[in-house]
Amino acid sequence: RFNGLDLASLTAGSPIFSGMFSGTSSGNLLLEFTGAGRAELASSLRCEGAAEIQNASWKGFDLLASLREGEARPGNSSAVDVAARYTCASRRIEVSDLRIAAPGETLLASGTVTPDRSLDFRLTRLNRFAPAAKSSSDESDQSLASPAAAFHLQGPLLHPTISATPSPFQPPPHATTEPTPRP
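A. Broad picture of the overall build of the protein. Helix and strand counts for the protein come out as three helices and 11 strands. Residue burial in the protein is summarised as follows: out of 183 residues, 30% are buried. The contacts in the protein between residues at least 6 apart in sequence include a share of 41% that link residues at least 24 apart. Carbon and sulfur atoms make up 56% of the accessible area of the protein, which totals about 11,800 Å².

As structure tokens, then:
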């Protein structure tokens, strides 16, 4: 179990990740490995756990702007809360149930990270609710602002690519959004 882990301090000694991540993490981690030497230990490593990160940031990549524009954008990403479950085996990390709560956005994701720091994630931006046009009674109605959107985030951690994919939440092509007329 870990609590209050400062990600900026944890990555400060890394020539690649220094200054790239920040936030405070808590969670649990179970590690299993056997062997003598780095190669044997790395190839036998198995892990499982869960983590939550408060006030998370990823410098160098603006995730929300990338989702809006459909292509990777430089900048910074920040989230009020990030939570995920993960396992590792076969020299890769599997992330599931990833939830990113950013100001005005909620994303769900799952995917993998490999030892060469390559990402392969599926992300879904959840429906956002916004006030609809005022009705004749001057009361604001709540309606969906847009359908859920799905994306594929892949490539190197430092310079990933992003593309839109068919949303798993879209209605079938024959479905209509118009009300069915009553006889």
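B. The arrangement of the pattern of salt bridges in detail. Summed over the entire model, instances satisfying the criterion amount to five salt bridges. Arg-73 is paired through a salt bridge with Glu-69; the nearest N and O atoms lie 2.3 Å apart. Taking the relative accessible area as the measure of exposure, Arg-73 reaches 30% and is therefore partly exposed. Residue classification places Glu-69 among the partly exposed positions, given a relative accessible area of 45%. We note a salt bridge from Arg-92 to Glu-94, for which the minimum N-O separation is 2.4 Å. Put simply, Glu-69, Glu-71 and Arg-73 are held in one network by salt bridges that share partners.

C. Region of interest: the state of the cysteines. Counting across every chain of the model gives one disulfide. Between the sulfur of Cys-47 and that of Cys-88 lies a disulfide, 2.1 Å long from S to S. Of the two residues, Cys-47 is situated in strand β3 (residues 46-59) and Cys-88 in strand β4 (residues 76-89); the sequence distance between them amounts to 41 residues. No difference in accessibility class separates Cys-47 from Cys-88, as the two residues are buried.

D. Spotlight on the sheet that holds β3. The strand order across the open sheet built from nine strands is β1-β2-β3-β4-β5-β6-β7-β10-β11, with neighbouring strands paired in antiparallel fashion. The open sheet has two edge strands, β1 (2-6) and β11 (161-165), and neither has a second partner. Sheet twist, expressed as the mean angle between neighbouring strand axes with direction ignored, is 20°. In terms of strand pairing, β1 meets strand β2 (residues 21-32) through three bridges, oriented antiparallel. Opposite Asp-6, over in β2, you have Thr-24 as the bridge partner.

E. How the structure looks around the environment of Gln-54. Locating Gln-54 in the fold gives a position in strand β3. Between the C-alpha atoms of Gln-54 and Ser-25, which are 29 residues apart in sequence, the distance is 6.4 Å. The contact partners of Gln-54, leaving out residues within four places of it in the chain, are Gly-23, Thr-24, Val-80 and Asp-81. In this structure the side chain of Gln-54 is engaged in a polar contact, spanning 2.7 Å, whose partner is the side chain of Glu-52.

F. Fine view of the pairing of β2. One ladder, built from 11 bridges, connects β2 with β3; its direction is antiparallel. Each residue of the ladder has a partner; that of Phe-21, found in β3, is Trp-58.

G. Layout of the nonpolar core. One finds Leu-63, Leu-98, Phe-121 and Leu-123 to be the most contacted residues of the largest nonpolar core, which totals 27 residues. Sorting the residues of this core by element identifies β3, α3 (63-69), β4, β5 (92-102), β6 (105-113), β7 (118-125) and β10 (149-156) as the ones contributing at least two each. Each residue touching Phe-121, except ones within four places of it in the same chain, is listed here: Val-95, Leu-98, Ala-109, Ser-110, Gly-111, Thr-112, Val-113, Phe-151, His-152 and Leu-153.

H. Just the side chain of Asp-81, in detail. Looking at the element boundaries, Asp-81 is found in strand β4. Within the structure, Asp-81 has its side chain in polar contact with the side chain of Arg-99 (distance 2.8 Å). With residues near it in sequence (within four places) discarded, Asp-81 still touches Glu-52, Ile-53, Gln-54, Arg-99, Ile-100 and Ala-101.

I. Up close: the packing of aromatic side chains. Counted by the stated rule, this structure contains two aromatic pairs. Between Phe-17 and Phe-21 the ring centres are 5.9 Å apart and the planes differ by 50°, which places this aromatic pair in the tilted class. Overall, Phe-21 belongs to the partly exposed group, its relative accessible area being 22%. Arranged with centres 4.9 Å apart and planes meeting at 40°, the rings of Trp-58 and Phe-61 form a pair that is tilted. The same class applies to Trp-58 as to Phe-61, namely buried.

Conventions we followed
- Residues numbered from 1 in each chain as written.
- Predicted model: local features only at pLDDT ≥ 70, side-chain atom pairs only at ≥ 80, totals over all residues.
- Heavy atoms only, no water.
- Helix = DSSP H or I, 4+ residues; strand = E, 2+ residues; numbered from the N terminus.
- Buried < 20%, exposed > 50% of the residue type's maximum accessible area, 1.4 Å probe, protein only.
- Contact = heavy atoms within 4.5 Å.
- Areas by Shrake-Rupley, 256 points an atom, 1.4 Å probe, with all protein chains shown as cover.
- Salt bridge = Lys/Arg side-chain N within 4 Å of Asp/Glu carboxyl O.
- Disulfide = S-S within 2.5 Å.
- Pairing = 2+ DSSP bridges.
- Axes fitted to C-alpha atoms, helices over the stretch in contact; angles between N-to-C directions.
- Polar contact = N/O pair within 3.5 Å; in protein donor to acceptor, adjacent residues only side chain to side chain.
- Core = buried A, V, L, I, M, F, W, Y, C linked by side-chain atoms within 4.5 Å.
- Phe/Tyr/Trp six-rings, centres within 6.5 Å; stacked < 30°, edge-to-face > 60°.

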